[in-house]
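So you can see what is in the structure, the chains are spelled out below.
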Amino acid sequence: MAFEKIVKPYIAALTPYKPGKPIEEVERELGIAQAIKLASNENPLGPSPKALAALRGAIDTISRYPDGGSFRLRTKLATILGVAGEQLVFGAGCDEILELLAKVFLGPGDEVVYGWPSFAMYPVVVQGMGATPVPVPLTQDLVYDLDALLAAVTPRTRLVFVCNPNNPTGTSVGAEAFDRFAKALPPNVVLGIDEAYFEYVQRKDFPNALDWVQRRPGTVVLRTFSKIYGLAGLRVGYGVMDAELAGYLERARHPFNVNLLAQVAACAALDDDEHVTRSRDINSRGVAYLARELAQMRLRTWPTDANFLLVDTGAKPGVCDALLRRGIIVRPMDAFGFRGAIRITIGLPEENERFIKELREIWETPK
Ligand SMILES: *Cc1c(COP(=O)(O)O)cnc(C)c1O
């Protein structure tokens, strides 16, 4: 069977997404114990105890299909966000919302504009529909260049993604620049604002993206339970949008895309503000600690509004592998065009300290 003759050429051209290595895999491959993973922006405190208790209570019911409409989660979240239930679309991670947007709006000839380096799934979902990715370089300070994004919009542009704060740089855009951009974007272009790290944001002038959902019908805000809520393994995220637009995504969605346990855990996690606050606090203290230590080592970092830091370790090649051999999994950034840079997820205080200790030793070892 000559698959290559019948496979869609734009699928054949994709490179499979490379996630952060799981801890078990690193321990097995290197024959080490006590590896720590600071590579996938997961919550180091884990899920809320309330979510865990709810999961235990629901485990016996998994012979049933989940509620295809996520009714409880929808009702609860709509109240919290101050939107109508019909404005929410749930997915198996917010990755699925990105994919639904692609499915609804894209085909060969269509273009999608986004900043780059940014979230690796944007080109994947765009190319997966045979559409054309239009990556636009970040500014010198590694911030989304909103003017350049506007300039890249053509009559073929269907979607624009703004990742705020941006993964993998941690940088964010403020309300003034964002509002100017949203106002100037042609109304027939769908604007996807990826706020996967929204709950970590520290800057005071962060844009109110939900406001724009009400003001501008073609606006979608993407959020997830994978990051601060600590439920990455269950896969649940959502989009907030105009109810009519939500109706199109609902047509394209699989009926039971969000599993039963994910719905139960997400509902319970929304009841635990204390866990969110604790997670945010431990993160901001971790950011401050790591930024200070890295500055002492004269390593460049960028201001972050998320739960990770981009670090320029380019002066010493092989830092990522050296860390891995010492049981610390971070994310290499070479594939994003940041040669020698790494992205480190903020961990527990003892994990951050171990990272700094190992990095210092690597740094002080002569080449
Ligand atoms: C992690 C992440 C997501 C999606 O995560 P899901 O686990 O699919 O919900 C989306 N956008 C960005 C920028 C992310 O970092």
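Quick note: structure is the one above.
Let me begin by describing the structure that accompanies this report. (Residues numbered from 1 in each chain as written. Predicted model: local features only at pLDDT ≥ 70, side-chain atom pairs only at ≥ 80, totals over all residues. Heavy atoms only, no water.)

With that settled, consider the overall build of the chain. If you tally the helices and strands in the chain, you get 15 helices and 13 strands. At 21 Å, the chain has a C-alpha radius of gyration in line with the 21 Å of a compact globule built from 367 residues. The buried share among the 367 residues of the chain stands at 53%. Within the chain, contacts between residues at least 6 apart in sequence are counted, and of these 74% link residues at least 24 apart. Summing over all exposed atoms, the chain offers an accessible surface of approximately 17,100 Å²; the carbon and sulfur share of this is 55%. Charged side chains in the chain number 42 positive and 43 negative. The centres of these two groups are separated by 2 Å. (Helix = DSSP H or I, 4+ residues; strand = E, 2+ residues; numbered from the N terminus. Rg over C-alpha atoms; globule rule 2.2 N^0.38 Å. Buried < 20%, exposed > 50% of the residue type's maximum accessible area, 1.4 Å probe, protein only. Contact = heavy atoms within 4.5 Å. Areas by Shrake-Rupley, 256 points an atom, 1.4 Å probe, with all protein chains shown as cover. Lys, Arg positive; Asp, Glu negative; His and termini not counted. Charge placed at Lys NZ, Arg CZ, Asp CG, Glu CD.)

Looking now at the pairing of strand 13 (residues 341–345). Of all 5 residues making up strand 13, 5 are buried, and the element is well covered by its neighbours. Sheet topology note: the strand 10 (residues 308–312)/strand 13 ladder contains 5 bridges and is antiparallel. Considered in strand 13, the bridge of V311 is made with I342. Relative to strand 13, strand 12 (residues 331–332) runs antiparallel, the two sharing 2 bridges. Its bridge partner being in strand 13, R331 is matched across the sheet by R343. (Pairing = 2+ DSSP bridges.)

A few words on the nonpolar core. General note: in soluble globular proteins, nonpolar side chains tend to be found buried as a group. Grouped together as the largest cluster of nonpolar side chains are 94 residues, with contacts concentrated most on Y144 and V160. Ranked by residues supplied to this core, first place goes to helix 12 (residues 260–270) with 10 residues. Discounting chain neighbours no more than four positions away, the residues touching V160 are V113, L149, V153, F181, L185, V189, V190, L191 and G192. Membership of the second largest hydrophobic core comes to 23 residues, among which are I36, M297, V311 and I344. (Core = buried A, V, L, I, M, F, W, Y, C linked by side-chain atoms within 4.5 Å.)

Spatially, the 7 strands line up as an open sheet ordered 2-8-7-6-5-3-4, and their pairing is mixed. Where the open sheet ends on each side, the last strands, each with one partner, are strand 2 (88–91) and strand 4 (132–137). Averaged over all pairs of adjacent strands, the angle between their axes in this sheet comes to 20°, without regard to strand direction. As paired strands, strand 2 and strand 8 (residues 237–240) are joined by 4 bridges and run antiparallel to one another. When the bridges of strand 8 are listed, G91 appears paired with G237. Against the sheet, helix 6 (residues 94–105) touches strand 2, strand 5 (157–163), strand 6 (190–194), strand 7 (219–224) and strand 8, its axis set at about 155° to strand 7. The sheet strands contacting helix 9 (residues 175–184) are strand 5 and strand 6, and the helix crosses strand 6 at an angle near 155°. (Axes fitted to C-alpha atoms, helices over the stretch in contact; angles between N-to-C directions.)

In this section: the side chain of E96. Tracing the chain through its elements places E96 in helix 6. E96 has contacts with G91 and N257, leaving out every residue within four places of it along the chain.

In the vicinity of the ligand lie 13 residues, with C94, Y197, T224, S226 and K227 positioned nearest. Take K227: an N or O atom from its side chain is 3.0 Å from an oxygen atom of the ligand. Contact between the ligand and R235: an oxygen atom at 2.7 Å from a side-chain N or O atom of the residue. Starting from 390 Å² of accessible surface for the ligand in isolation, the protein chains cover 94%. Of the residues contributing to the shell around the ligand, the split by class is 5 nonpolar, 4 polar and 4 charged. (Near = heavy atom within 4 Å. Polar contact = N/O pair within 3.5 Å; in protein donor to acceptor, adjacent residues only side chain to side chain. Nonpolar A, V, L, I, M, F, W, Y, C, P; charged D, E, K, R; others polar.)

This part covers the environment of F308. Within the fold, F308 resides in strand 10. Separated by 22 residues in sequence, F308 and G286 have C-alpha atoms that sit 9.4 Å apart. Ignoring any residue separated from it by four or fewer positions in sequence, one finds F308 in contact with N41, N166, N167, P168, T169, G170, Y197, R343, I344, T345 and I346.

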